[in-house]
Amino acid sequence: MQKIVKNYIETILEKEIVLEKPKDISLGHFATPIAFSLAKEFRKSPMIIADELAAKFQDDEMFEKVEAVKGFLNFKLSNSFLEKLSKEALLKKENYAKSDEKKESILLEYVSANPTGPLHIGHARGAVLGDAIARVGRHLGFDITTEYYVNDAGAQMDMLGLSVSLAGRDFVLKEDVEYPEKYYRGDYLVDIAQKIFDEYGKEIFYDESRFREMAEIAKNDVLKIIVKDLKDTGIEFDNFVSEASLYDAWLKTKEVLLKNGSLYEKEEKLFLKSTLHGDDSDRVVVRENGIPTYLAGDIIYHKDKFDRGFDHYINIWGADHHGYIKRVHAAIEFLGEDSKKLEILLSQMVQLLKGGEPYKMSKRAGNVILMSDIVEEIGPDALRFVFLTKKSDTHLEFDLDMLKNQDSSNPIFYINYAYARINQVFKKAEKEFSDVLDISYDGLNDEALNLVYESLLLPSVLDEAFTKRDMQKITDYLYSLASSIHRFYNQYKIVGSKEEDKYLKVLSLSALSIKVALNILGIKEKKVM
């Protein structure tokens, strides 16, 4: 709707405009400050210019009223225009707010947690954000491929093999074990150790030459846990890429970097000249023992990404990776690619409470809060929604008990209750949504028209949310729309009133916007509460 209105106004005025939504809807559905930007060119006051521009819209079918207010040009949409857009939306059903396919292809990489243990609640935030961005982008017509980068090389794999050995000796063989300062822990490792013991016997736990073999078995089992936990939350990936499988390409990648003059040797190490692209210091890519570093793996991976020819790349990383951004962008430039094509979003950690107290760590995981535990306690819909109620780069704290409340303090309940209320009204009226499709909005009061207008904002909300990578705009919109529905329901008699069919059509449109927005976020709407 906003795009249609903006394009139409620009055609009439023959000028590009900024179209805003006034906070006070009584002033109009949209407004533009264009008169202020034209004041110097026309050598007139914005008030006079606004009056002259408003006159261009007299007797216009799209607008009931166009008026100049203190230099702003305010537009109130006509009933007939809102009715036309409503019918188009209702006919599209689940395809409402869907855009035509775009040419831009995007590779979206997220989660990419080490396969050394189940996903914890911090991973969950990035997972939900990535999945929501993919869903919204696809609805808007973008060609999006989702990818999980499996960090199955390096020191964490050595530690995983050691940790399985320790778990086997301690919990399977019942030995007294002296634990090192760093190791992985949790019941999942005991299960893996038991499986390895049943197949290979106890000697494998003492043979350091077979620790990497145990790590590989553990990695595969942990990945199965991760995939299941993600699927239980409604998240599935198109691709999984193994870090270990990419290292064969290191020599070829190194040749490209050497050719571009981006590497130098010092103290038997190989450094990347990342300071040339704003990094704090040059970074080691090959250690003195000849083994490539984690950064080298990332360089190979991003070369592989860019070689696949996507138009744009998005990585979602934990906030602790902030210092890593410049070195990766530097590497991309040294590879001869445009680092502006790579967009990196950071996901802050999550603070969980229960009854106002910090949520206890999971015994099954050893020292973290498992994503699967929270999904089991509050369900995937509540988890997904609450994780999208704040921008990912800000701290998120919420109380699990709040998500069990049956009132407005629980946002997902409040929104679903609005949707269920509409369905109950239709049931009471013994009508279907299709029965009111052709009803006219003539004579409809301002409160009902404002609800229509708010429901029709969904396409612009989705556009803005995707463009800014800010899914909070969708959750805020849903809560606001639900509030308007509840307010309208409490203010007006619907079933049995003279305006019954008109009100039902308005509510059917609001229900559609809630359903489509929730579904895009991976949440199933509830018809009954």
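This report concerns the structure included in the present document. Note that the structure is a prediction, hence the values are computed from the model and not measured. (Residues numbered from 1 in each chain as written. Predicted model: local features only at pLDDT ≥ 70, side-chain atom pairs only at ≥ 80, totals over all residues. Heavy atoms only, no water.)

It is worth spelling out the pattern of salt bridges at this point. Considering all chains together, one arrives at 36 salt bridges under this definition. In this structure, K65 engages E67 in a salt bridge whose closest nitrogen and oxygen atoms are separated by 3.9 Å. Residue classification places K65 among the partly exposed residues on the basis of a relative accessible area of 39%. Here E88 ties to K84 by a salt bridge, and the two come within 3.1 Å at their closest N and O atoms. Here E88 pairs with K84, and both are found in helix α4 (residues 79–92), just 4 residues apart, close to one helical turn. Overlapping salt bridges, with partners in common, bring together E94, K515, K524 and E525 in one network. (Salt bridge = Lys/Arg side-chain N within 4 Å of Asp/Glu carboxyl O. Buried < 20%, exposed > 50% of the residue type's maximum accessible area, 1.4 Å probe, protein only. Helix = DSSP H or I, 4+ residues; strand = E, 2+ residues; numbered from the N terminus.)

As a further point, take the side chain of H486. Mapped onto the elements of the fold, H486 is located in helix α18 (residues 472–491). In this structure the side chain of H486 is engaged in a polar contact, spanning 3.1 Å, whose partner is the backbone oxygen of Y414. In contact with H486, not counting residues within four places along its chain, are Y414, Y417, A418 and R421. (Polar contact = N/O pair within 3.5 Å; in protein donor to acceptor, adjacent residues only side chain to side chain. Contact = heavy atoms within 4.5 Å.)

Okay, the layout of surface pockets next. As a volume, the second largest pocket reaches approximately 750 Å³. Residue lining of the second largest pocket: 25 residues in total, with M1, K3, P459, S460 and D463 positioned closest to the centre. Of all the secondary-structure elements, those providing two or more residues to the lining of the second largest pocket are α1 (2–13), α4 and α17 (458–467). Taken together, the residues of the lining of the second largest pocket break down into 10 nonpolar, 5 polar and 10 charged. (1 Å grid on protein atoms, 1.4 Å probe; cavity = no way out; pocket = protein on both sides within 12 Å on 5 of 7 lines; lining within 4 Å. Points joined across faces, edges and corners; volume = space filled by probe spheres on them. Nonpolar A, V, L, I, M, F, W, Y, C, P; charged D, E, K, R; others polar.)

On to empty space enclosed by the protein. According to the stated counting rule, one finds 1 cavity of 30 Å³ or more in the structure shown. Its volume calculated, the largest cavity comes out at about 60 Å³. Contributing to the lining of the largest cavity are R125, L129, F387, L388, K390, K391, S392, D470, M471 and Q472.

Bringing the sheet that holds strand β3 (residues 72–77) into the picture now. Spatially, β1-β3-β2 is the arrangement adopted by the 3 strands of the open sheet, whose pairing is antiparallel. Two strands close off the open sheet at either side, each with one partner strand: β1 (30–32) and β2 (63–69). Across this sheet, the average inter-strand angle for adjacent strands is 20°, counted without regard to direction. Across 6 bridges, the pairing between β2 and β3 is antiparallel. Across the sheet, E67 pairs through a bridge with N74, a residue of β3. Against the sheet, helix α3 (residues 46–54) makes contact with β2 and β3, and its axis sits at roughly 165° relative to β2, the strand it touches most. (Pairing = 2+ DSSP bridges. Axes fitted to C-alpha atoms, helices over the stretch in contact; angles between N-to-C directions.)

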